[in-house]
Amino acid sequence: MEEVLLISRFMTRTLILLSLCFMWVPPGVVCRTGNASASSSSSSSSSLKPKVINIGSLFTLNSVIGRAARPALQAAIDDVNADPTILNGVELKLVLHDTNCSSFVGTVEALQLMESEVAVAIGPQSSGIAHVISHVVNELHVPLLSFGATDPTLSSLQYPYFLRTTHSDYFQMYAVADLVDLFGWREVIAIFVDDDYGRSGISVLGDALAKKRAKISYKAAFSHGDPKSKINDLLVEVNLMESRVYVVHVNPDTGLNIFAVANALNMMSGNYVWIATDWLPTYLDSMEAADPDTMNLLQGVVALRRYTPDTNLKKSFMSRWKNLKYNGSASPAGFNSFALYAYDSVWLAAHALEVFLNEGGNFSFSKDPTLHVANGSMLHLESLHVFNGGQQLLSTLLRMNFTGLSGQIQFDPDKHLVHPAYDVLNVGGTGMRRIGYWSNYSHLSIVPPESLYTKPPNLSTGSQHLYSVIWPGETTAKPRGWVFPNNGQPLRIAVPNRVGYKEFASKDKGPQGVRGYCIDVFEAAISLLPYAVPRTYMLYGDGKRNPNYNELVSQVAQNKYDAAVGDISIVTNRTKIVDFTQPYMESGLVVVAPVKEAKSNPWAFLKPFTKEMWFVTAAFFLFVGAVVWILEHRINHEFRGPPSQQLITIFWFSFSTMFFSHRENTLSTLGRLVLIIWLFVVLIINSSYTASLTSILTVQQLTSGIQGIDSLISSTVPIGIQDGSFAFNYLIDELNIAESRIVKLKNPEAYLKALELGPKRGGVAAIVDELPYIELFLASTNCLYRTVGQEFTKSGWGFAFQRDSPLAVDLSTAILQLSENGDLEKIHNKWLTHRECTMQINQVDENKLSLSSFWGLFLICGIACVLALTLFCCRIITQYRKFTPEGEEAEAEEIEPARSSRRPPRSPSIKQIIDFVDRKETEIKELLKRKNSNESKQQSIHGSDGQASSPA
């Protein structure tokens, strides 16, 4: 509602001034004489096709864009009227009005233009004028085709009849953001004209940079027509700031003044970056010849220009340019890309009108009931008519699709031309050099955009690149893009004023004011930077107790300090508000507790092996002994005898192999194979046992009641921490330890006293602190204490800077260089080299040998035993099948000779099998030999009996 009221007030004031203009004969009467529809009444029939259709045009004629657009528009009108294949004999007539680069004049000219009952209006070039005129065309339903108004907000639903026939600055600003991101800059300064065109474009740029984690650090606005003195004051102000990346978004008629003043202030030299939007190439393309003085002002500038494909249509038109009868110059002067968009606007209107007429569009005008003449008013409001077919014609325009001089003319659902693209140019010498392209499809590349549309879009970081750029100062090295503010203020660096562990950072009487390990690392990193860093160190804290490091980091985030240098841990809540450099020292929380020497244990000889290992080893001793007994029992008299003696033999043989002192000889091949493998296993086990037991008995064993952070959490004993450390919040918030259990200690002496007193006398049971502090503490106590458990957090120390500070990135690179060349280790040895202590107490249980270390040996031995037993059983079964007891057969033949033949053979009993296995191998072989001999004799007897009975 507020916008409607403002527009209403503006229109009212405008119409009052228009009354002076309408004292003369309204020019619209003359303009309507050639229009067939103009002479008809408000209810003219749409079935009557007009002979002449007025095409309105309003823009600033005497401007860089206007001088290119005017001949292009008139040439397009002539080309359409000369083409018999379009509009079927309907003539287009161009009604031209000059806005004179004024919103007020533009409004007046727009109202006069609407009296001509135009079907389509083309223009304006100014976004500010377009905002005003869009309200007029909305009311009268006349589509407005703008080839030069690039303000992104004009595409909103507020202006339904506004249709842009060029690319919106929305895409151009995203192209600028991609350029900034490609070169790694994080802050830019925007210099722009303070109107709708400038403000809206820079607003989109801020959004685009935010998506790249960059930002506009300062917006430097000036008014159109400001003298050079004001521009000089503006540039002097921005030159005092940190960023050296300037984005210039102005209009082509006055934008060159920026660079003239910048050159006078020596702001076009090295380490400056200037990025200009499409206004600069528009101006340079319009020049008849390269002006050396002008080009000298622009050396190293990177600019964007709307990309138009090099088609035959474009080349043909450009060859005609200097011969156009409407061109005021007989040379290519005045031509720029806006001429192509203006030419295509006319053809877009012609194609749409042809479709509109063929579809029976209502080409008539009617009075607007909301416009009435007040009593005594000289305003001819009744001459403003509404185009009845405006809505249908607008819909037709939005679905047009053809190829023009500027490329494909087609609109997407947001009323933007498809395939927005830009040339990326670099000014150098006497001209501009193309270093790449930007398209909304694949962003930055070095190949023309149309060749990428047939491929899948590739927006990866690796695919974004340009040709080399020659920057201001005639250098190809990428500018850093920032400097320390040129306002005489050095970098304010906060240093914690520590009470304990002053080796890291402390107050000093020297010129620097501070000293310590952290200070030396910072100074060494600063010395590697390719630029000077003016700085002053400021102590933070009262010196009576360690400062709170979370508060110190917050002071940096609140701009009270520019940076903080010291033993500052990089933790999550701090990284949310500041930027840290690469860690220069590893850190993490550990637990320190009192320890005592472990008492000697009479069962220490059992400690080398775990319970499982002892059980499996003993079982294998017995198993292998039993296997060897089975394999040797039949052939070796040493493994025979009464059952009690044989059982003793098995146990004796099994365990005597532990010392390789078995006296029994093995005779069988399988037994020897099993024994060799087992002796190898015993050798490994013995060696490992001896080594482990030696370690246990000779190394001093220390124990502690605190086993690590887990035992601290589950207990209720007091815990000591360093005053000011992040460990306080970590223990409470992350580990849920009661705050009442935490005791703050300010220095190593307090650590020692608290541990000596212990929890029962007002001290602490353990201390939780960062590893670098603990290393110094243990060394200072002659290793009376030890860390218990493992380091339960992983972090590091870094230098804190304000968010998006480029110095943090450069110092991170410098710290890596210090680490690679060994300087970081040298600084560490200078400040922190002390007696080394064994950090952790010895954990005997962790050194026990378990079954997992030997299961492979046991597996091999077990497989060998099983295979040997399998082969032995197969041999026994084979022998048993050949063996039949002779005594049993003889007895059966004597007692029951008649029945024995009819009785089926009995299956062997278990006792018989055991007896067979228990017999000596020599006996079995003798019986088998005898059996074979008897069978041979019986066969010979049966053979002689058969021969004797044959004669009878």
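The structure displayed is predicted, hence computed values, not measured ones. Throughout this document, residue positions are counted from 1 along each chain, in the order its sequence is written. Residue-level local features of this predicted model are given only where pLDDT is at least 70; pairs of side-chain atoms are given and counted only at 80 or more, and the full residue set underlies all totals for whole chains, interfaces and linings. Only hydrogens and water are set aside; all other atoms, that is, all heavy atoms of the structure, feed into the side-chain values.

Asks: Please explain the overall build of the chain as it appears in this structure.
Replies: Numbering of helices and strands runs from the N terminus, with a helix taken as a DSSP run of H or I at least four residues long and a strand as a DSSP run of E at least two residues long. Helix and strand content of the chain: 31 helices and 33 strands. Each residue is assigned to one of three classes by its accessible area relative to the maximum for its type, calculated with a 1.4 Å probe on protein chains only: buried under 20%, partly exposed between the two thresholds, exposed over 50%. Buried residues in the chain amount to 50% of all 952 residues. Residue pairs in contact within the chain that sit at least 24 positions apart in sequence constitute 74% of those at least 6 positions apart. For the chain, the exposed surface amounts to about 45,900 Å²; the carbon and sulfur share of it is 55%. Any two residues whose heavy atoms approach within 4.5 Å are treated as being in contact. With residues, only the protein chains shown are counted as cover, and all accessible areas are computed by Shrake-Rupley using a 1.4 Å probe.

Asks: How should I be thinking about helix α24 (residues 771-780) in this particular structure?
Replies: Along an α-helix, residues three or four positions apart point the same way, because every turn accommodates 3.6 residues. Counting buried residues in α24 gives eight out of ten residues, a clear majority hidden from the surface. Positioned one or two residues after α24, N782 has a phi angle of 55°, which is positive.

Asks: In this structure, what is going on with the sheet that holds strand β16 (residues 431-439)? I would like to understand it.
Replies: Whenever strands of a sheet pair, they do so through backbone hydrogen bonds, lying parallel or antiparallel. Spatial strand order, β7-β6-β8-β9-β10-β15-β16-β17: eight strands in an open sheet with mixed pairing. In this open sheet, the two edge strands, each paired with only one partner strand, are β7 (215-222) and β17 (443-445). Neighbour-to-neighbour, the strand axes of the sheet open up by a mean angle of 30°, direction not taken into account. Only strands joined by at least two bridges in the DSSP assignment are considered to pair. Bridge count for strand β15 (residues 421-428) against β16 is eight bridges, and the pairing is antiparallel. When the bridges of β16 are listed, L425 appears paired with R434. As a rule, the C-alpha atoms of each element are fitted with a line to give its axis, helices using only the stretch in contact, and angles between N-to-C directions run from 0 to 180 degrees. On top of the sheet, helix α6 (residues 169-182) reaches β6 (187-193), β8 (245-249), β9 (273-276), β10 (302-306), β15, β16 and β17; it is set at about 150° to β10, its chief contact.

Asks: Explain the packing of aromatic side chains here, please?
Replies: In this description, an aromatic ring pair is defined by two values, namely the gap between the centres and the angle between the planes. Between rings of Phe, Tyr and Trp, where Trp is taken as its six-membered ring, a pair exists when centres lie within 6.5 Å; planes separated by under 30 degrees are stacked, by over 60 edge-to-face, and by other angles tilted. In total, this model carries 42 aromatic pairs according to the counting rule given. Measuring from ring centre to ring centre gives 5.1 Å for F183 and W471, while their planes differ by 85°; the resulting arrangement is edge-to-face. In this pair, F183 sits in the loop between α6 and β6 while W471 sits in the loop between β17 and β18 (491-496), placing the two residues 288 residues apart along the sequence. When sorted by exposure, F183 lands in the same class as W471, which is buried. Geometrically, the ring pair formed by F620 and W678 is stacked, given 6.4 Å between the ring centres and 15° between the ring planes. In this pair, F620 is assigned in helix α18 (residues 611-632) and W678 in helix α20 (residues 669-698), connecting sequence segments 58 residues apart. Among the residues examined, W678 registers a relative accessible area of 1% and is labelled buried. Of the aromatic side chains, those joined through ring pairs into one cluster are Y501, F504, Y517, F522, Y537, Y584, Y751, Y773, F777, Y785, W797 and F799. By the criterion adopted, a ring carries a charge over it if an Arg CZ or a Lys NZ lies within 6 Å of its centre and within 35 degrees of its normal. When the ring centre of Y531 is taken as origin, the NZ or CZ atom of R480, which lies over that ring, is 3.6 Å away.

Asks: For this particular structure, what's the right way to read the sheet that holds strand β3 (residues 120-122)?
Replies: Here five strands make up an open sheet; going across it, the order is β2-β1-β3-β4-β5 and the pairing parallel. Strands with a single pairing partner mark the edges of an open sheet, and in this sheet they are β2 (91-98) and β5 (162-164). Neighbour-to-neighbour, the strand axes of this sheet turn through a mean angle of 25°, independent of strand direction. Strand direction decides the pairing type here: β3 and strand β4 (residues 144-146), joined by two bridges, are parallel.

Asks: How should the packing of helix α15 (residues 517-527) against helix α25 (residues 806-821) be read in this particular structure?
Replies: Angle between the axes and distance between the axes: these two values describe a pair of packed helices. Where α15 contacts α25, the axes come no closer than 9 Å and their chain directions differ by 105°. Between α15 and α25, the crossing angle belongs to the class labelled roughly perpendicular. Across from V521, F522, A524, A525 and I526 in α15, the residues of α25 making contact are L811, A814, I815 and L818. Its residues placed into classes, the contact of α15 with α25 shows nine nonpolar, no polar and no charged. Angles are sorted into four bins: roughly parallel if under 35 degrees, roughly antiparallel if over 145, roughly perpendicular if 65 to 115, and oblique for all others. Charged residues are taken to be Asp, Glu, Lys and Arg, nonpolar residues to be Ala, Val, Leu, Ile, Met, Phe, Trp, Tyr, Cys and Pro, and polar residues to be all remaining types, Gly included.

Asks: Please clarify how the pairing of β15 should be interpreted in this entry.
Replies: Regular strands place their side chains on alternate faces of the sheet. Burial analysis of β15 places seven of its eight residues in the buried class, which makes it a mostly covered element. Direction of pairing for β10 relative to β15: antiparallel, over a ladder of five bridges. Bridge assignment links L304 to a residue of β15, and that residue is V424. Here β15 folds back onto β16, and the loop between the two strands holds two residues, one of which, G429, carries a positive phi near 65°.

Asks: Where do I start with the nonpolar core in this structure?
Replies: Nonpolar side chains in soluble globular proteins tend to end up buried together. Ranked by size, the top nonpolar core spans 78 residues in total, and within it I53, I55, L92, M114, F147 and F317 carry the most contacts. Top contributing element to this core by residue count: helix α13 (residues 337-358), with 15 residues. Setting aside residues no more than four positions away along its own chain, I53 makes contact with V90, E91, L92, K93, A119, L353, L357 and F363. As used in this record, nonpolar core signifies buried Ala, Val, Leu, Ile, Met, Phe, Trp, Tyr and Cys residues forming a set joined through side-chain atoms within 4.5 Å. Judged by nonpolar contacts, the second largest core, of 53 residues, contains L745, L771, L811 and I827.

Asks: Even after reading the chapter, I still don't get the pattern of salt bridges, so can you show me in this structure?
Replies: Oppositely charged side chains can pair when the atoms bearing their charge come close. By salt bridge we mean one thing: a side-chain nitrogen of Lys or Arg within 4 Å of a carboxyl oxygen of Asp or Glu. Summed over all chains, the structure comprises 21 salt bridges. For R306, the salt bridge is made with D169, and the minimal N-O distance between the two is 3.6 Å. Of this pair, R306 sits in strand β10 while D169 sits in helix α6, and the two are 137 residues apart along the sequence. The exposure classification of R306 matches that of D169, with both residues buried. A network of salt bridges, in which partner residues are shared, links D285, R305, D423 and R434.

Asks: How do you make sense of the environment of V533 when you look at a structure like this?
Replies: Relative to the helices and strands, V533 is located in the loop between α15 and β21 (535-540). For V533, a relative accessible area of 4% corresponds to the buried category. For the pair V533 and L491, spaced 42 residues apart in the sequence, the C-alpha separation amounts to 7.4 Å. Setting aside residues up to four positions removed in sequence, V533 forms contacts with F484, L491, I526 and L807.

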